[in-house]
Amino acid sequence: MEQQLFNRVYESVVKREPTYDGVYYTGVKTTKIVCRPTCRAKTPLAGNVTFYDSLEGALHAGFRPCKRCKPEENGPLRPDAALAAQVDAIIEKKYSDKLTLSMLAASLAISPYHLQRVYKQVTGYSPAEKTERVRLKHAQKLLVETDEAVAEVGAAVGYSSPSHFTSWFCRRTGLSPTEYRNGQRSLL
Ligand SMILES: [Zn+2]
């Protein structure tokens, strides 16, 4: 598993988010127990974890199913979680483009209504909200770590109009992009 994906899945384990429930299984090397990513037991250290994309794989490697989160029990979440994970992957890749619900749905060959409902069930928010969160995260990073003009930062996260970008950024953070940049840099 590549490092970036490992980090994403591990983050979901730390936060006990259901994003990868049914998609990956957490093998804990120190205890030889395999868990769902959402297990409520104490979070294992990243260095002690191997992720398997099937429970069978983990069992073959000698892990025993956790008695607490019971990874062998197939909840109704499985295909839904897989779908939500696919949506996240598309958003992470295409956040700088115009990204609409119908485009997302079309790329997964399902209806926009179904996509919206399932995604919200799994994550607690809509694909549009997720897209905004991803855009904000990248915009904040660019503002702090680069000297790109505000207009360029906006364009990089999907806002062709600098004034739209600025008012959106203010709405989400309470600060203008320049205030945010100066504020963060003064902390460094
Ligand atoms: Zn467990």
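The rules behind each value
- Residues numbered from 1 in each chain as written.
- Predicted model: local features only at pLDDT ≥ 70, side-chain atom pairs only at ≥ 80, totals over all residues.
- Heavy atoms only, no water.
- Core = buried A, V, L, I, M, F, W, Y, C linked by side-chain atoms within 4.5 Å.
- Buried < 20%, exposed > 50% of the residue type's maximum accessible area, 1.4 Å probe, protein only.
- Helix = DSSP H or I, 4+ residues; strand = E, 2+ residues; numbered from the N terminus.
- Contact = heavy atoms within 4.5 Å.
- UniProt positions renumbered as here; feature names shortened; annotations may be inferred.
- Donors = N, O, S within 2.8 Å, 3.2 Å for Na, K, Ca; no water.
- Salt bridge = Lys/Arg side-chain N within 4 Å of Asp/Glu carboxyl O.

**Q** Before we go on, may I ask you to explain the nonpolar core in this structure?
**A** Counting residues in hydrophobic clusters, the biggest one holds 29 residues, and the most contacted among them are V87, L104, F165 and F169. Counting 10 residues, the second largest nonpolar core, distinct from the first, contains Y20, V23, Y24 and A85.

**Q** Would you take a moment to explain the environment of R64 for this structure?
**A** Mapped onto the secondary structure, R64 falls in strand β4 (residues 64–65). In this structure R64 comes out as partly exposed when scored by relative accessible area, which is 48%. When residues no more than four places from it in sequence are discounted, the contact partners of R64 are T31, K32, I33 and V34.

**Q** In this structure, what is going on with the UniProt feature "domain: HTH araC/xylS-type" (unreviewed entry) in the chain? I would like to understand it.
**A** As recorded in UniProt, the sites labelled "domain: HTH araC/xylS-type" (unreviewed entry) are residues 85–183. Between the end C-alpha atoms of residues 85–183 the distance is 34 Å, and the span holds 75% helix and 0% strand.

**Q** What is the right way to look at the coordination of the zinc ion in this model?
**A** Six octahedral donors around a metal ideally make angles of 90 or 180 degrees; four tetrahedral donors ideally make 109.5 degrees. Coordination of the zinc ion by the protein involves C35 (SG), C39 (SG), C66 (SG) and C69 (SG), with metal-donor separations of 2.2 to 2.4 Å. Here the donor residues of the zinc ion are spaced in sequence according to C-x3-C-x26-C-x2-C. One end of the pair, C35, is in strand β2 (residues 33–35); the other, C66, is in the loop between β4 and α3 (77–94), with 31 residues separating them in the sequence. When its relative accessible area of 8% is taken as the criterion, C66 is described as buried.

**Q** Please clarify how the pattern of salt bridges should be interpreted in this entry.
**A** Side-chain pairs of opposite charge can arise whenever the charged atoms involved come near each other. If you walk through the whole model with that rule in mind, you get 10 salt bridges. The partner of D88 in a salt bridge is K130, and the shortest N-O contact between them spans 4.0 Å. With D88 in helix α3 and K130 in helix α6 (residues 127–145), the pair connects residues that are 42 residues apart, well separated along the chain. Here D88 falls in the buried class, since its relative accessible area comes to 4%. The shortest N-O distance in the salt bridge between R133 and E129 comes to 2.9 Å. Of this pair, R133 and E129 are both found in helix α6, 4 residues apart, which corresponds to roughly one turn of the helix. When its relative accessible area of 39% is taken as the criterion, R133 is described as partly exposed. Given the relative accessible area of 23%, E129 is considered partly exposed. Through salt bridges that share partners, E129, E132, R133 and R172 make up one connected network.

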